[in-house]
2 protein chains.
Amino acid sequence: MAKFYGIGTGPGDSKLVTMEAAERLGDVAILYTPQPKKGGESLAKKIVSPYLKDTLIIKERHFPMSYNKEEKMLAWKEIAEEIKADVQNGHDVGFITLGDPMVYSTYSYLLELLKGDIETVTLAGISSFSNIASKIELPLVMDEESFAVIPVTAGAEKIEQALTLFDTVVLMKAASNIPLLTTLLKKLNLLDAAVVVSDVAMATEKITYSMRDINPEEKMSYFTTIIVKKRREQYK
Amino acid sequence: MAKFYGIGTGPGDSKLVTMEAAERLGDVAILYTPQPKKGGESLAKKIVSPYLKDTLIIKERHFPMSYNKEEKMLAWKEIAEEIKADVQNGHDVGFITLGDPMVYSTYSYLLELLKGDIETVTLAGISSFSNIASKIELPLVMDEESFAVIPVTAGAEKIEQALTLFDTVVLMKAASNIPLLTTLLKKLNLLDAAVVVSDVAMATEKITYSMRDINPEEKMSYFTTIIVKKRREQYK
(Lines give C-alpha, C1' and ligand atoms only; values in the text may rest on other atoms or scores of the structure.)
Protein backbone atom coordinates (compact mmCIF):
# COMPACT_ATOMS: atom_id res chain seq x y z
CA MET A 1 0.00 0.00 0.00
CA ALA A 2 1.22 3.49 -0.78
CA LYS A 3 2.55 5.55 2.09
CA PHE A 4 3.45 9.08 3.07
CA TYR A 5 7.03 9.67 4.25
CA GLY A 6 8.03 12.71 6.31
CA ILE A 7 11.77 12.89 5.84
CA GLY A 8 14.25 14.79 8.03
CA THR A 9 17.07 16.11 5.85
CA GLY A 10 19.51 17.08 8.63
CA PRO A 11 20.72 20.67 9.06
CA GLY A 12 22.43 21.56 5.79
CA ASP A 13 24.86 19.06 4.32
CA SER A 14 23.70 16.29 1.94
CA LYS A 15 25.98 13.82 3.72
CA LEU A 16 24.09 14.24 7.00
CA VAL A 17 21.05 12.51 5.51
CA THR A 18 20.57 8.98 6.90
CA MET A 19 20.88 5.91 4.68
CA GLU A 20 17.18 5.27 5.21
CA ALA A 21 16.18 8.79 4.23
CA ALA A 22 18.36 8.63 1.11
CA GLU A 23 16.77 5.31 0.15
CA ARG A 24 13.22 6.66 0.57
CA LEU A 25 14.09 9.85 -1.32
CA GLY A 26 15.26 7.64 -4.15
CA ASP A 27 12.11 5.58 -4.44
CA VAL A 28 9.11 7.84 -3.69
CA ALA A 29 7.05 8.75 -6.75
CA ILE A 30 6.18 12.29 -5.66
CA LEU A 31 8.14 14.66 -3.42
CA TYR A 32 6.69 17.78 -1.80
CA THR A 33 9.29 20.47 -1.22
CA PRO A 34 9.13 24.02 0.10
CA GLN A 35 8.88 26.75 -2.49
CA PRO A 36 12.02 28.89 -2.46
CA LYS A 37 11.27 32.38 -1.21
CA LYS A 38 13.12 34.47 -3.77
CA GLY A 39 13.54 32.16 -6.73
CA GLY A 40 16.51 29.80 -6.66
CA GLU A 41 16.51 26.48 -4.82
CA SER A 42 15.21 25.81 -1.31
CA LEU A 43 17.81 24.62 1.22
CA ALA A 44 15.93 21.38 1.97
CA LYS A 45 15.68 20.56 -1.74
CA LYS A 46 19.36 21.30 -2.28
CA ILE A 47 20.29 18.93 0.56
CA VAL A 48 18.36 16.00 -0.91
CA SER A 49 19.11 16.66 -4.60
CA PRO A 50 21.86 13.97 -4.87
CA TYR A 51 19.36 11.24 -3.95
CA LEU A 52 16.45 12.01 -6.28
CA LYS A 53 15.61 9.91 -9.35
CA ASP A 54 15.05 11.44 -12.78
CA THR A 55 11.42 10.36 -12.97
CA LEU A 56 10.49 11.92 -9.63
CA ILE A 57 7.58 14.33 -9.67
CA ILE A 58 8.49 17.33 -7.54
CA LYS A 59 5.65 19.44 -6.19
CA GLU A 60 6.91 22.75 -4.89
CA ARG A 61 4.41 24.20 -2.48
CA HIS A 62 4.32 27.25 -0.25
CA PHE A 63 4.40 26.17 3.41
CA PRO A 64 3.64 29.23 5.51
CA MET A 65 5.62 29.49 8.74
CA SER A 66 4.90 32.78 10.45
CA TYR A 67 1.33 33.58 9.47
CA ASN A 68 -1.47 33.75 11.95
CA LYS A 69 -2.55 30.27 13.07
CA GLU A 70 -5.82 30.21 11.14
CA GLU A 71 -4.29 31.24 7.85
CA LYS A 72 -1.45 28.75 8.36
CA MET A 73 -3.77 25.85 9.05
CA LEU A 74 -5.82 26.67 5.98
CA ALA A 75 -2.75 26.55 3.72
CA TRP A 76 -1.52 23.32 5.32
CA LYS A 77 -4.98 21.76 4.96
CA GLU A 78 -4.96 22.34 1.24
CA ILE A 79 -1.55 20.68 0.87
CA ALA A 80 -2.64 17.81 3.14
CA GLU A 81 -5.65 17.15 0.90
CA GLU A 82 -3.41 17.02 -2.17
CA ILE A 83 -1.01 14.61 -0.45
CA LYS A 84 -3.88 12.40 0.68
CA ALA A 85 -5.21 12.19 -2.87
CA ASP A 86 -1.75 11.28 -4.22
CA VAL A 87 -1.32 8.49 -1.65
CA GLN A 88 -4.88 7.23 -2.14
CA ASN A 89 -4.16 7.07 -5.87
CA GLY A 90 -1.38 4.60 -5.06
CA HIS A 91 1.72 6.83 -5.06
CA ASP A 92 4.42 6.81 -2.39
CA VAL A 93 4.77 10.45 -1.39
CA GLY A 94 7.66 12.15 0.38
CA PHE A 95 7.88 15.46 2.22
CA ILE A 96 11.19 17.00 3.26
CA THR A 97 11.86 19.03 6.36
CA LEU A 98 15.14 20.52 7.63
CA GLY A 99 16.90 18.94 10.60
CA ASP A 100 14.85 16.56 12.75
CA PRO A 101 11.12 16.42 11.87
CA MET A 102 10.11 16.22 15.55
CA VAL A 103 12.06 19.29 16.73
CA TYR A 104 10.56 22.70 15.79
CA SER A 105 9.33 21.63 12.36
CA THR A 106 6.10 22.90 10.86
CA TYR A 107 5.88 19.33 9.50
CA SER A 108 4.07 18.57 12.78
CA TYR A 109 1.02 20.45 11.50
CA LEU A 110 0.97 18.45 8.31
CA LEU A 111 1.36 15.16 10.19
CA GLU A 112 -1.56 16.07 12.42
CA LEU A 113 -3.74 16.53 9.34
CA LEU A 114 -2.66 13.26 7.68
CA LYS A 115 -2.52 10.76 10.52
CA GLY A 116 -5.38 8.29 10.53
CA ASP A 117 -6.38 8.92 6.91
CA ILE A 118 -3.29 7.51 5.19
CA GLU A 119 -0.31 5.51 6.37
CA THR A 120 2.43 7.88 7.59
CA VAL A 121 6.08 7.14 8.31
CA THR A 122 8.42 9.75 9.81
CA LEU A 123 12.18 9.43 9.37
CA ALA A 124 14.41 11.06 11.98
CA GLY A 125 17.11 13.52 10.92
CA ILE A 126 20.21 14.97 12.56
CA SER A 127 19.07 18.06 14.45
CA SER A 128 21.09 21.24 14.11
CA PHE A 129 22.14 21.27 17.77
CA SER A 130 23.38 17.68 17.57
CA ASN A 131 25.46 18.52 14.52
CA ILE A 132 26.81 21.67 16.15
CA ALA A 133 27.92 19.73 19.23
CA SER A 134 29.78 17.16 17.10
CA LYS A 135 31.25 19.81 14.85
CA ILE A 136 32.78 21.74 17.74
CA GLU A 137 33.36 18.52 19.71
CA LEU A 138 31.56 19.83 22.76
CA PRO A 139 29.82 16.94 24.52
CA LEU A 140 26.33 18.09 25.49
CA VAL A 141 25.94 15.80 28.49
CA MET A 142 27.67 12.98 30.38
CA ASP A 143 26.68 10.72 33.25
CA GLU A 144 24.12 12.47 35.51
CA GLU A 145 24.09 15.73 33.55
CA SER A 146 20.96 16.98 31.82
CA PHE A 147 20.28 19.46 29.04
CA ALA A 148 17.49 21.72 27.88
CA VAL A 149 16.57 22.92 24.42
CA ILE A 150 14.72 26.23 24.48
CA PRO A 151 13.92 28.86 21.85
CA VAL A 152 14.64 32.49 22.62
CA THR A 153 10.95 33.17 22.00
CA ALA A 154 10.11 31.24 25.19
CA GLY A 155 10.84 34.42 27.14
CA ALA A 156 13.39 35.70 29.69
CA GLU A 157 12.01 33.95 32.76
CA LYS A 158 11.96 30.48 31.22
CA ILE A 159 15.39 30.89 29.69
CA GLU A 160 16.83 32.03 33.02
CA GLN A 161 15.28 29.02 34.78
CA ALA A 162 16.78 26.68 32.19
CA LEU A 163 20.21 28.31 32.50
CA THR A 164 20.03 28.05 36.27
CA LEU A 165 18.85 24.46 36.53
CA PHE A 166 20.58 22.62 33.68
CA ASP A 167 24.19 21.65 33.02
CA THR A 168 23.81 22.46 29.34
CA VAL A 169 21.30 24.69 27.56
CA VAL A 170 20.78 24.86 23.82
CA LEU A 171 19.31 28.23 22.85
CA MET A 172 17.46 27.99 19.55
CA LYS A 173 16.47 30.83 17.21
CA ALA A 174 19.08 32.82 19.08
CA ALA A 175 19.40 35.57 16.46
CA SER A 176 15.95 36.91 17.25
CA ASN A 177 17.06 38.38 20.58
CA ILE A 178 20.82 38.53 21.10
CA PRO A 179 20.56 41.52 23.49
CA LEU A 180 18.31 39.51 25.86
CA LEU A 181 20.63 36.51 25.80
CA THR A 182 23.67 38.71 26.39
CA THR A 183 21.99 40.28 29.42
CA LEU A 184 20.94 36.93 30.90
CA LEU A 185 24.32 35.24 30.33
CA LYS A 186 26.11 38.21 31.86
CA LYS A 187 23.82 38.19 34.89
CA LEU A 188 24.47 34.46 35.45
CA ASN A 189 28.21 34.80 34.82
CA LEU A 190 27.99 32.48 31.82
CA LEU A 191 29.32 34.65 28.97
CA ASP A 192 32.38 32.43 28.54
CA ALA A 193 30.33 29.24 28.79
CA ALA A 194 28.47 30.12 25.58
CA VAL A 195 29.46 28.95 22.10
CA VAL A 196 27.67 30.78 19.30
CA VAL A 197 27.26 28.88 16.03
CA SER A 198 25.68 30.20 12.83
CA ASP A 199 24.88 28.24 9.63
CA VAL A 200 26.35 24.92 10.80
CA ALA A 201 27.24 22.54 7.95
CA MET A 202 26.85 25.34 5.39
CA ALA A 203 29.48 27.30 3.47
CA THR A 204 28.78 30.36 5.64
CA GLU A 205 29.37 28.52 8.96
CA LYS A 206 30.65 30.74 11.79
CA ILE A 207 31.69 29.73 15.32
CA THR A 208 32.40 32.10 18.24
CA TYR A 209 33.63 30.62 21.53
CA SER A 210 32.45 33.29 23.95
CA MET A 211 29.45 35.59 24.12
CA ARG A 212 31.89 38.41 24.91
CA ASP A 213 32.96 38.37 21.27
CA ILE A 214 29.42 38.92 20.00
CA ASN A 215 28.19 42.44 19.36
CA PRO A 216 24.60 42.48 20.66
CA GLU A 217 23.63 44.94 17.95
CA GLU A 218 24.98 42.85 15.08
CA LYS A 219 22.40 41.20 12.82
CA MET A 220 23.03 37.45 12.92
CA SER A 221 21.97 34.58 10.66
CA TYR A 222 18.49 33.07 11.21
CA PHE A 223 20.26 29.72 11.74
CA THR A 224 22.13 30.74 14.89
CA THR A 225 22.26 28.47 17.93
CA ILE A 226 24.00 29.11 21.25
CA ILE A 227 25.14 26.22 23.41
CA VAL A 228 25.80 27.10 27.03
CA LYS A 229 27.79 24.44 28.81
CA LYS A 230 28.61 25.24 32.40
CA ARG A 231 31.34 22.66 32.87
CA ARG A 232 33.15 23.21 29.59
CA GLU A 233 36.62 23.14 31.14
CA GLN A 234 36.40 19.45 31.88
CA TYR A 235 36.42 18.66 28.19
CA LYS A 236 39.16 21.08 27.17
CA MET B 1 47.29 13.77 7.14
CA ALA B 2 45.75 10.84 8.98
CA LYS B 3 42.80 11.58 11.25
CA PHE B 4 40.75 10.09 14.04
CA TYR B 5 37.00 9.81 13.42
CA GLY B 6 34.50 9.41 16.26
CA ILE B 7 31.42 8.05 14.52
CA GLY B 8 27.87 8.05 15.88
CA THR B 9 26.08 4.91 14.70
CA GLY B 10 22.52 5.93 15.57
CA PRO B 11 20.41 3.92 18.03
CA GLY B 12 20.17 0.43 16.56
CA ASP B 13 19.33 0.15 12.86
CA SER B 14 22.05 0.19 10.18
CA LYS B 15 19.88 2.44 8.02
CA LEU B 16 19.96 5.21 10.62
CA VAL B 17 23.66 5.79 9.96
CA THR B 18 24.30 9.03 8.02
CA MET B 19 25.78 8.98 4.51
CA GLU B 20 28.88 10.65 5.88
CA ALA B 21 29.34 8.09 8.67
CA ALA B 22 28.88 5.22 6.19
CA GLU B 23 31.48 6.78 3.90
CA ARG B 24 34.04 7.18 6.70
CA LEU B 25 33.36 3.67 7.98
CA GLY B 26 34.12 2.42 4.49
CA ASP B 27 37.46 4.16 4.16
CA VAL B 28 39.18 4.17 7.57
CA ALA B 29 42.10 1.74 7.87
CA ILE B 30 41.50 0.76 11.49
CA LEU B 31 38.25 0.68 13.45
CA TYR B 32 38.03 0.48 17.25
CA THR B 33 34.88 -1.24 18.43
CA PRO B 34 33.57 -2.20 21.86
CA GLN B 35 34.26 -5.75 22.96
CA PRO B 36 31.01 -7.69 23.24
CA LYS B 37 30.22 -8.53 26.85
CA LYS B 38 29.27 -12.18 26.57
CA GLY B 39 30.81 -13.25 23.28
CA GLY B 40 28.78 -12.59 20.13
CA GLU B 41 28.78 -9.24 18.33
CA SER B 42 28.52 -5.81 19.93
CA LEU B 43 25.46 -3.77 18.96
CA ALA B 44 27.54 -0.86 17.60
CA LYS B 45 29.59 -3.22 15.44
CA LYS B 46 26.48 -4.97 14.16
CA ILE B 47 24.98 -1.61 13.14
CA VAL B 48 28.00 -0.60 11.04
CA SER B 49 28.82 -4.04 9.60
CA PRO B 50 27.22 -3.36 6.17
CA TYR B 51 29.63 -0.47 5.56
CA LEU B 52 33.00 -2.03 6.44
CA LYS B 53 35.58 -3.00 3.81
CA ASP B 54 37.22 -6.43 3.74
CA THR B 55 40.71 -5.10 4.43
CA LEU B 56 39.64 -3.16 7.54
CA ILE B 57 41.61 -3.89 10.70
CA ILE B 58 39.14 -4.17 13.57
CA LYS B 59 40.47 -3.65 17.07
CA GLU B 60 38.00 -4.85 19.68
CA ARG B 61 38.74 -3.19 22.97
CA HIS B 62 37.08 -3.17 26.36
CA PHE B 63 35.63 0.28 27.09
CA PRO B 64 34.63 0.34 30.76
CA MET B 65 31.42 2.20 31.52
CA SER B 66 30.48 1.87 35.16
CA TYR B 67 33.82 1.47 36.94
CA ASN B 68 35.09 3.99 39.41
CA LYS B 69 36.34 7.12 37.64
CA GLU B 70 40.05 6.44 38.19
CA GLU B 71 39.93 2.90 36.89
CA LYS B 72 37.86 4.05 33.91
CA MET B 73 40.26 6.83 32.96
CA LEU B 74 43.20 4.45 33.18
CA ALA B 75 41.59 2.02 30.72
CA TRP B 76 40.62 4.84 28.35
CA LYS B 77 44.11 6.28 28.51
CA GLU B 78 45.61 3.02 27.33
CA ILE B 79 43.24 2.88 24.36
CA ALA B 80 43.88 6.57 23.60
CA GLU B 81 47.62 5.92 23.43
CA GLU B 82 47.09 3.07 21.01
CA ILE B 83 44.86 5.22 18.81
CA LYS B 84 47.35 8.08 18.85
CA ALA B 85 50.12 5.73 17.71
CA ASP B 86 47.95 4.37 14.87
CA VAL B 87 47.13 7.88 13.62
CA GLN B 88 50.71 9.10 14.01
CA ASN B 89 51.77 6.09 11.92
CA GLY B 90 49.62 7.48 9.13
CA HIS B 91 46.41 5.45 9.46
CA ASP B 92 42.91 6.90 9.43
CA VAL B 93 41.28 5.49 12.55
CA GLY B 94 37.58 5.19 13.38
CA PHE B 95 35.78 4.66 16.67
CA ILE B 96 32.10 3.80 16.86
CA THR B 97 29.65 4.88 19.51
CA LEU B 98 25.90 4.23 19.77
CA GLY B 99 23.44 7.03 19.06
CA ASP B 100 24.84 10.57 19.08
CA PRO B 101 28.49 10.88 20.24
CA MET B 102 27.76 14.11 22.14
CA VAL B 103 24.82 12.79 24.18
CA TYR B 104 25.70 10.47 27.10
CA SER B 105 28.52 8.69 25.31
CA THR B 106 31.69 7.58 27.07
CA TYR B 107 33.35 8.60 23.79
CA SER B 108 33.62 12.06 25.45
CA TYR B 109 36.39 10.71 27.72
CA LEU B 110 38.32 9.38 24.76
CA LEU B 111 37.94 12.63 22.85
CA GLU B 112 39.26 14.58 25.85
CA LEU B 113 42.40 12.42 25.81
CA LEU B 114 42.98 12.74 22.05
CA LYS B 115 42.21 16.40 21.30
CA GLY B 116 45.26 18.49 20.65
CA ASP B 117 47.57 15.55 19.99
CA ILE B 118 46.01 14.27 16.76
CA GLU B 119 43.38 15.64 14.38
CA THR B 120 39.92 14.56 15.54
CA VAL B 121 36.62 14.66 13.67
CA THR B 122 33.32 13.77 15.32
CA LEU B 123 30.35 12.70 13.20
CA ALA B 124 26.88 13.24 14.63
CA GLY B 125 24.44 10.36 14.88
CA ILE B 126 20.68 10.05 15.36
CA SER B 127 20.09 10.03 19.12
CA SER B 128 17.72 7.44 20.54
CA PHE B 129 15.18 10.03 21.71
CA SER B 130 15.08 11.64 18.26
CA ASN B 131 14.44 8.28 16.64
CA ILE B 132 11.79 7.41 19.23
CA ALA B 133 9.92 10.67 18.58
CA SER B 134 9.87 10.04 14.82
CA LYS B 135 8.97 6.38 15.24
CA ILE B 136 5.89 7.17 17.34
CA GLU B 137 5.32 10.42 15.43
CA LEU B 138 5.18 12.48 18.60
CA PRO B 139 6.60 15.96 17.89
CA LEU B 140 8.89 16.88 20.78
CA VAL B 141 8.44 20.64 20.48
CA MET B 142 6.78 23.32 18.34
CA ASP B 143 6.91 27.12 18.28
CA GLU B 144 7.72 28.49 21.77
CA GLU B 145 7.84 25.09 23.47
CA SER B 146 11.01 23.77 25.07
CA PHE B 147 12.23 20.34 26.09
CA ALA B 148 14.61 18.80 28.58
CA VAL B 149 16.64 15.62 28.40
CA ILE B 150 17.42 14.20 31.82
CA PRO B 151 18.64 10.82 33.07
CA VAL B 152 16.81 9.16 35.92
CA THR B 153 20.10 9.16 37.83
CA ALA B 154 19.87 12.98 38.09
CA GLY B 155 17.61 12.49 41.11
CA ALA B 156 13.97 13.11 42.08
CA GLU B 157 14.23 16.86 42.70
CA LYS B 158 15.79 17.70 39.34
CA ILE B 159 13.41 15.42 37.46
CA GLU B 160 10.41 17.02 39.18
CA GLN B 161 11.69 20.50 38.29
CA ALA B 162 12.10 19.47 34.67
CA LEU B 163 8.62 17.95 34.54
CA THR B 164 7.16 21.08 36.09
CA LEU B 165 8.92 23.65 33.90
CA PHE B 166 9.15 22.06 30.45
CA ASP B 167 6.57 21.23 27.81
CA THR B 168 8.31 17.98 26.99
CA VAL B 169 10.73 15.91 29.05
CA VAL B 170 12.81 13.01 27.77
CA LEU B 171 13.69 10.67 30.63
CA MET B 172 16.82 8.67 29.80
CA LYS B 173 18.04 5.46 31.44
CA ALA B 174 14.46 5.14 32.66
CA ALA B 175 14.70 1.44 33.50
CA SER B 176 17.00 2.11 36.43
CA ASN B 177 14.21 3.58 38.56
CA ILE B 178 10.71 3.02 37.23
CA PRO B 179 9.13 3.21 40.73
CA LEU B 180 10.52 6.76 41.21
CA LEU B 181 9.25 7.90 37.80
CA THR B 182 5.84 6.35 38.42
CA THR B 183 5.57 8.20 41.74
CA LEU B 184 6.62 11.54 40.24
CA LEU B 185 4.38 11.28 37.18
CA LYS B 186 1.42 10.31 39.36
CA LYS B 187 2.05 13.25 41.71
CA LEU B 188 2.15 15.68 38.76
CA ASN B 189 -0.87 14.09 37.08
CA LEU B 190 1.21 13.14 34.04
CA LEU B 191 0.79 9.35 33.90
CA ASP B 192 -1.12 9.55 30.61
CA ALA B 193 1.32 12.08 29.13
CA ALA B 194 4.13 9.51 29.25
CA VAL B 195 5.08 7.23 26.36
CA VAL B 196 7.43 4.40 27.35
CA VAL B 197 9.70 3.06 24.60
CA SER B 198 12.17 0.18 24.93
CA ASP B 199 14.75 -0.99 22.36
CA VAL B 200 13.76 1.47 19.63
CA ALA B 201 14.84 0.41 16.11
CA MET B 202 15.62 -3.12 17.35
CA ALA B 203 13.73 -6.38 16.88
CA THR B 204 12.62 -6.27 20.53
CA GLU B 205 11.10 -2.76 20.30
CA LYS B 206 8.20 -2.15 22.70
CA ILE B 207 5.98 0.94 23.01
CA THR B 208 3.50 1.69 25.82
CA TYR B 209 1.34 4.82 25.58
CA SER B 210 0.65 5.45 29.25
CA MET B 211 2.62 4.99 32.44
CA ARG B 212 -0.53 3.39 33.89
CA ASP B 213 0.17 0.32 31.78
CA ILE B 214 3.67 -0.15 33.23
CA ASN B 215 4.16 -2.38 36.26
CA PRO B 216 6.68 -0.51 38.44
CA GLU B 217 8.13 -3.84 39.62
CA GLU B 218 8.75 -5.17 36.10
CA LYS B 219 12.36 -5.38 34.97
CA MET B 220 12.69 -3.28 31.81
CA SER B 221 15.29 -3.14 29.04
CA TYR B 222 18.40 -1.01 29.65
CA PHE B 223 17.45 0.90 26.50
CA THR B 224 14.20 2.34 27.84
CA THR B 225 13.27 5.99 27.35
CA ILE B 226 10.16 7.78 28.53
CA ILE B 227 8.90 10.86 26.71
CA VAL B 228 6.53 13.03 28.72
CA LYS B 229 4.65 15.47 26.53
CA LYS B 230 2.16 17.62 28.37
CA ARG B 231 0.22 18.83 25.34
CA ARG B 232 -0.05 15.51 23.56
CA GLU B 233 -3.71 15.89 22.69
CA GLN B 234 -2.98 18.61 20.12
CA TYR B 235 -1.17 16.10 17.95
CA LYS B 236 -3.69 13.24 18.21
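Residues numbered from 1 in each chain as written. Chains lettered and ligands numbered in written order. Predicted model: local features only at pLDDT ≥ 70, side-chain atom pairs only at ≥ 80, totals over all residues. Heavy atoms only, no water.

Student: What exactly am I supposed to notice about the overall build of chain A here?
Tutor: If you tally the helices and strands in chain A, you get seven helices and 10 strands. Here the C-alpha atoms of chain A give a radius of gyration of 19 Å, agreeing with the 18 Å that 2.2 N^0.38 yields for 236 residues. Counting only C-alpha atoms, chain A reaches 60 × 40 × 35 Å along its principal axes. Nonlocal contacts in chain A, meaning residues at least 24 apart in sequence, comprise 70% of its contacts between residues at least 6 apart. Carbon together with sulfur atoms contributes 50% to the accessible area of chain A, which is approximately 10,100 Å² in total. The distance from the centre of the 28 positive side-chain charges to the centre of the 32 negative ones in chain A is 3 Å. (Helix = DSSP H or I, 4+ residues; strand = E, 2+ residues; numbered from the N terminus. Rg over C-alpha atoms; globule rule 2.2 N^0.38 Å. Contact = heavy atoms within 4.5 Å. Areas by Shrake-Rupley, 256 points an atom, 1.4 Å probe, with all protein chains shown as cover. Lys, Arg positive; Asp, Glu negative; His and termini not counted. Charge placed at Lys NZ, Arg CZ, Asp CG, Glu CD.)

Student: Hey, could you run me through the sheet that holds strand β8 (residues 194–198) of chain B in this one?
Tutor: Note on sheets: strands pair through backbone hydrogen bonds, and any given pair is parallel or antiparallel. Spatially, 10 strands are ordered β9(A)-β8(A)-β10(A)-β7(A)-β6(A)-β6(B)-β7(B)-β10(B)-β8(B)-β9(B) in an open sheet, and the strand pairing comes out mixed. Of all the strands in the sheet, just β9 (206–208) of chain A together with β9 (206–208) of chain B have a single pairing partner and so form its edges. Direction aside, the axes of adjacent strands within the sheet are offset by 15° on average. (Pairing = 2+ DSSP bridges. Axes fitted to C-alpha atoms, helices over the stretch in contact; angles between N-to-C directions.)

Student: Looking at this structure, how should I read empty space enclosed by the protein?
Tutor: The probe, sized like a water molecule, is rolled over the atoms to show the empty space still left. According to the stated counting rule, one finds three cavities of 30 Å³ or more in the structure shown. Taken as a whole, the largest cavity encloses approximately 70 Å³ of empty space. In terms of lining, the largest cavity is formed by 14 residues, of which the most central are A:D100, A:S127, A:S130, B:S127 and B:S130. Listing elements by their share of the lining of the largest cavity, those giving two or more residues are α5 (128–135) of chain A together with α5 (128–135) of chain B. Of the residues that constitute the lining of the largest cavity, the class distribution is six nonpolar, six polar and two charged. Taken together, A:S146, A:L165, A:F166, B:I150, B:K158, B:Q161 and B:A162 form the lining of the second largest cavity. A per-element tally of the lining of the second largest cavity places helix α6 (residues 156–165) of chain B first, with three residues. Partitioned by chemical class, the residues of the lining of the second largest cavity number four nonpolar, two polar and one charged. (1 Å grid on protein atoms, 1.4 Å probe; cavity = no way out; pocket = protein on both sides within 12 Å on 5 of 7 lines; lining within 4 Å. Points joined across faces, edges and corners; volume = space filled by probe spheres on them. Nonpolar A, V, L, I, M, F, W, Y, C, P; charged D, E, K, R; others polar.)

Student: Could you clarify how one ought to interpret the side chain of A:S127 in this entry?
Tutor: Residues and elements named next belong to chain A. With respect to the secondary-structure elements, S127 resides in the loop between β5 (120–123) and α5. In this structure S127 comes out as buried when scored by relative accessible area, which is 8%. Setting aside residues up to four positions removed in sequence, S127 forms contacts with P11 and D100. (Buried < 20%, exposed > 50% of the residue type's maximum accessible area, 1.4 Å probe, protein only.)

Student: It is not clear to me how the pairing of strand β8 (residues 194–198) of chain A should be interpreted in this structure. Could you clarify?
Tutor: Residues and elements named next belong to chain A. Burial analysis of β8 places five of its five residues in the buried class, the great majority of the element. Side chains of β8 alternate between two faces, with A194, V196 and S198 and V195 and V197 buried alike. Relative to strand β10 (residues 224–229), β8 runs antiparallel, the two being bridged by five bridges. Bridge pairing in β10 links A194 to V228. Where β8 lies against β9, three bridges are found, and the strand directions are antiparallel. Following the sheet pairing, S198 is matched in β9 by K206.

Student: Explanation requested: the packing of α6(B) against helix α7 (residues 178–187) of chain B in the structure shown.
Tutor: Two packed helices can be described by the angle between their axes and the distance between those axes. Residue and element names in this part refer to chain B. With their axes 11 Å apart at the nearest point, α6 and α7 run at an angle of 40° to one another. Our classification of the angle between α6 and α7 gives oblique. Both α6 and α7 take part in a crossing whose hand is right-handed. Residues A156, I159, E160 and L163 of α6 touch α7, and the partners they reach there are L180, L181, L184, L185 and K187. Tallied by class, the residues present in the contact of α6 with α7 amount to seven nonpolar, no polar and two charged. (Parallel < 35°, antiparallel > 145°, perpendicular 65-115°, else oblique. Left-handed = near helix turned anticlockwise from the far one by under 90°.)

Just distances and angles here, no functional claims.
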